[in-house]
Amino acid sequence: KTRFGTFYAPNITPDPETGIGRWSAADLVRALRTGKNPEGEPYYPAFPYSSYTRLTDTDIHAIKTYLFSQKPVRRVNQPHELPWYLRARWTLPVWKMLFFTSGAFQPRPDRSPIWNRGAYLVTAVAHCGECHTPRNLLGGYKESLGFAGAADGVDGDVAPNITPDKKTGIGRWRQSDLVDYLETGATPDGDYAGGAMAEVIDNNLSQLTQDDRQAIAVYVMSLSPVAAVTHKNNRDKKRSKKKE
């Protein structure tokens, strides 16, 4: 659920009729790199191709290998629930022209390998900015507030400021605190991640290698501090304790 309507994720099992079983490697590269389906039609940016475009070709091909190793499931996609003025996809090329730049991640030669690894994981693989960067009325990033938190995330969840601003972000955290948080969800003050972030940690970030979590922390702590209004998740979305 978003402020633009409700989007339903499609079937990405290798079922040839209802999934992606007939997709070629080039089809997946096109989807992730340019935000277009095999027929050339644009995807809604609820599919975070604006971040996935930065994936390397090697990782995209690895994703295809994994997806096509899964059991095919026959399940027809559920149509999105959108207002009438967003149902026509002809508006999407305009959005892409305004807010989307295609291209794989390019390492910065003036930065260390661990910083570049963290930058790649944050901006491409984990696509952290998709939730933690506020958006304008048309759904594009507010670039000046990158990673500074957003109050209108998925399903109404709130994404906090993760820049190292000491008052509104995580500037008082140590780098080791962030590494621990990415693995366990525990914050330095004894709280735990809640809502969508709890699922991201349990199902994704905690499954990374320790080196990759360290790289993410190096990159995030290097961001320019951005003072922004902070928002807290509803208490009923907080975990009362970490599951053993």
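Provided above is the structure to which this section pertains.
This text gives an overview of the structure that appears in the document. (Residues numbered from 1 in each chain as written. Predicted model: local features only at pLDDT ≥ 70, side-chain atom pairs only at ≥ 80, totals over all residues. Heavy atoms only, no water.)

**Topic: the packing of helix H7 (residues 175-184) against helix H9 (residues 210-221)**
- Interaxial distance between H7 and H9 falls to 9 Å at its minimum, and their mutual angle equals 130°. The angle between H7 and H9 places the two elements in the oblique class. As H7 packs across H9, the resulting crossing turns out to be right-handed. Counting all contacts with H7, which are made through Gln 175, Leu 178, Val 179, Leu 182 and Glu 183, the residues of H9 involved are Gln 210, Arg 213, Gln 214, Ile 216, Ala 217, Val 218, Val 220 and Met 221.
- Taken together, the residues that form the contact of H7 with H9 break down as 8 nonpolar, 3 polar and 2 charged. (Axes fitted to C-alpha atoms, helices over the stretch in contact; angles between N-to-C directions. Helix = DSSP H or I, 4+ residues; strand = E, 2+ residues; numbered from the N terminus. Parallel < 35°, antiparallel > 145°, perpendicular 65-115°, else oblique. Left-handed = near helix turned anticlockwise from the far one by under 90°. Contact = heavy atoms within 4.5 Å. Nonpolar A, V, L, I, M, F, W, Y, C, P; charged D, E, K, R; others polar.)

**Structural notes on the nonpolar core**
- Residues Leu 55, Val 122, Phe 147, Leu 178, Ile 216, Tyr 219 and Val 220 are the most contacted members of the largest nonpolar core, which totals 38 residues.
- At the level of elements, helix H1 (25-34), helix H2 (49-52), helix H3 (57-67), helix H5 (113-125), H7 and H9 are the ones that each hand at least two residues to this core.
- In terms of residue count, the dominant contributor to this core is H5 (6 residues).
- Excluding residues within four positions of it along the chain, Ile 216 makes contact with Gly 118, Leu 121, Val 122, Leu 182, Leu 205 and Leu 208. (Core = buried A, V, L, I, M, F, W, Y, C linked by side-chain atoms within 4.5 Å. Buried < 20%, exposed > 50% of the residue type's maximum accessible area, 1.4 Å probe, protein only.)

**Observations concerning H3**
- Restricting attention to buried positions, one finds in H3 the residues Ile 60, Lys 64 and Leu 67. The buried residues of H3 occupy an angular sector of 70° when projected down its axis, which confines them to one face. Residues of H3 that are exposed and point more than 90 degrees away from the buried face comprise Thr 58, Thr 65 and Tyr 66.
- Next to the buried residues of H3 lie H1. (Arc of directions from axis to C-beta.)

**Notes on a nonpolar patch on the surface**
- On the surface, Val 94, Met 97, Leu 98, Leu 137 and Leu 138 cluster together to form a nonpolar patch covering roughly 580 Å² of accessible area.
- As for its position among the elements, Leu 137 is in the loop between helix H6 (129-132) and H7. (Patch = residues over 30% accessible without salt bridge, like charges linked within 9 Å, V, L, I, M, F, W, Y side chains within 5 Å. Areas by Shrake-Rupley, 256 points an atom, 1.4 Å probe, with all protein chains shown as cover. Salt bridge = Lys/Arg side-chain N within 4 Å of Asp/Glu carboxyl O.)

**What to know about the side chain of Arg 213**
- Along the polypeptide, Arg 213 turns up in helix H9.
- Looking at Arg 213, the relative accessible area reads 4%, which means it is buried.
- In this structure Arg 213 touches Val 179, Leu 182, Glu 183, Leu 205, Ser 206, Gln 207 and Leu 208, once residues within four positions along its chain are discounted.

**Notes on the packing of aromatic side chains**
- Tallying each qualifying case throughout the model produces 10 aromatic pairs.
- Plain terms: the ring middles of Trp 173 and Tyr 181 are 5.4 Å apart, the flat faces sit at 70° to each other, and that makes the pair edge-to-face.
- For Tyr 181, a relative accessible area of 13% corresponds to the buried category.
- Of the aromatic side chains, those joined through ring pairs into one cluster are Tyr 43, Phe 47, Tyr 49, Tyr 52 and Phe 100.
- One cation-aromatic arrangement involves Lys 64 over Phe 68; the distance from NZ or CZ to the ring centre is 3.9 Å. (Phe/Tyr/Trp six-rings, centres within 6.5 Å; stacked < 30°, edge-to-face > 60°. Lys NZ or Arg CZ within 6 Å of the ring centre and 35° of its normal.)

**Looking at the pattern of salt bridges**
- All chains considered together, the criterion is met by 8 salt bridges.
- For Arg 108, the salt bridge is made with Asp 110, and the minimal N-O distance between the two is 2.8 Å.
- Residue classification places Arg 108 among the partly exposed positions, given a relative accessible area of 37%.
- Between Arg 174 and Asp 177 there is a salt bridge; the shortest N-O distance is 3.2 Å.
- When its relative accessible area of 57% is taken as the criterion, Arg 174 is described as exposed.
- Judged by its relative accessible area of 12%, Asp 177 is buried.

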